[in-house]
Structures are given as structure tokens and as C-alpha cells.
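Close look at the chain arrangement
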Amino acid sequence: MQNTVRFYRLSLPIILLGLLIILTAVGLGVFAAADQLSIIGNMIIMIMMFCPIVICSGVLYIALAAAIFYTNKGHQVSRSGLKAGQGLSASARQKVEQVSDNVNRQSIKWGARFAYLDQVFDTQSENGKQNERE
């Protein structure tokens, strides 16, 4: 029962407005001169076609505004999570830099410890090359 009352309460003004426009158009068509019918026809076309288009596009614009609002809201909600992720990636980067620095230092130390072996192997390879040339 409440739904039918609500339906009539919402649809009755729209139906009455449509009837008023139709009665006005018929009344003007009957009492207007022949050259005025073109103007009346143009006005009716504008009212019957452009008004619904504007109303429908208004709903689209409201939906777009709501989408922009909720996108901004979602960005604000996710900001703290993104900052936490950024902090984690920064700390991971620092740890990786420390580990890679330690590995580089160790490789330099091992390279310095075994530098004398390079001279031994380079000498043998050069002696071998000299023997091949002779």
C-alpha cells in the first residue's frame, strides 16, 4: 500500500505536467494562425526532447561527481598504507645496500689476500707464451 502511494505521489506531478503541455500545445494549435504553428512545434520539440536529455545527463554528471568524491576518499584511506609500504621499501633498500657494501668489502679483502697468486699465475702464463713463441 505504501509503495503505491509513493508511486502516485512521485508520478502524478509528472503526468499532470505532461498533460498540461499536451493540452497547451493542442489549444495553441487550434487557436493559432498558420505561421505560428511552426514556432509552437519548435517549442514542443525542445520541451519534449531536450528536457529529458538534460535530466538524464544531469544524473550522469551527478554519478561522475560521486565517483570523483569517492576516488578522493579512497586515496585518503589508502595513503597510510602506501606510506607504510614506502617505509618498508626504504628500509629494505638500506639493508640491501649494507649487505652489498659488506660483500664488496669482503671481496676486496679476499682479492688483496690472494693478489700474490695473480703474479704466480700471470708469470706461468707469460712463460708459457714465451715458450710457444720460441
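Residues numbered from 1 in each chain as written. Predicted model: local features only at pLDDT ≥ 70, side-chain atom pairs only at ≥ 80, totals over all residues. Heavy atoms only, no water.

**Here's the deal with the overall build of the chain**
Counting secondary structure elements, the chain contains 3 helices and 0 strands. Counted from the first residue to the last, the chain has its helices and strands arranged as α-α-α. Looking at the chain as a whole, 3% of its 134 residues qualify as buried. (Helix = DSSP H or I, 4+ residues; strand = E, 2+ residues; numbered from the N terminus. Buried < 20%, exposed > 50% of the residue type's maximum accessible area, 1.4 Å probe, protein only.)

**Structural notes on the layout of surface pockets**
Taking a probe equal in size to a water molecule and rolling it over the atoms shows the remaining empty space. Of the pockets and cavities examined, the largest pocket occupies roughly 220 Å³. Partitioning the lining of the largest pocket into residue classes produces 8 nonpolar, 1 polar and no charged. (1 Å grid on protein atoms, 1.4 Å probe; cavity = no way out; pocket = protein on both sides within 12 Å on 5 of 7 lines; lining within 4 Å. Points joined across faces, edges and corners; volume = space filled by probe spheres on them. Nonpolar A, V, L, I, M, F, W, Y, C, P; charged D, E, K, R; others polar.)

**Quick word on the packing of aromatic side chains**
In this structure the tally under the stated criterion is 2 aromatic pairs. Here the aromatic rings of Trp110 and Phe114 are separated by 5.7 Å at their centres, their planes lie at 10°, and the arrangement is stacked. Seen from the ring of Trp110, Arg113 lies directly overhead, with NZ or CZ sitting 5.3 Å from the centre. (Phe/Tyr/Trp six-rings, centres within 6.5 Å; stacked < 30°, edge-to-face > 60°. Lys NZ or Arg CZ within 6 Å of the ring centre and 35° of its normal.)

**Considerations on a nonpolar patch on the surface**
Side chains of Ile22, Val26, Ile39, Met43, Ile45, Met46, Ile47, Met48, Met49, Phe50 and Ile53 sit close together on the surface and give an oily, nonpolar patch of about 1000 Å² of accessible area. Contributions of two or more residues to the nonpolar patch are made by helix H1 (2–31) and helix H2 (37–113). If one sorts the elements of the nonpolar patch by residue count, H2 sits on top with 9 residues. When you line up the elements, Met46 lands in helix H2. (Patch = residues over 30% accessible without salt bridge, like charges linked within 9 Å, V, L, I, M, F, W, Y side chains within 5 Å. Areas by Shrake-Rupley, 256 points an atom, 1.4 Å probe, with all protein chains shown as cover. Salt bridge = Lys/Arg side-chain N within 4 Å of Asp/Glu carboxyl O.)

Interpretation in functional terms is not warranted from these geometric data alone.
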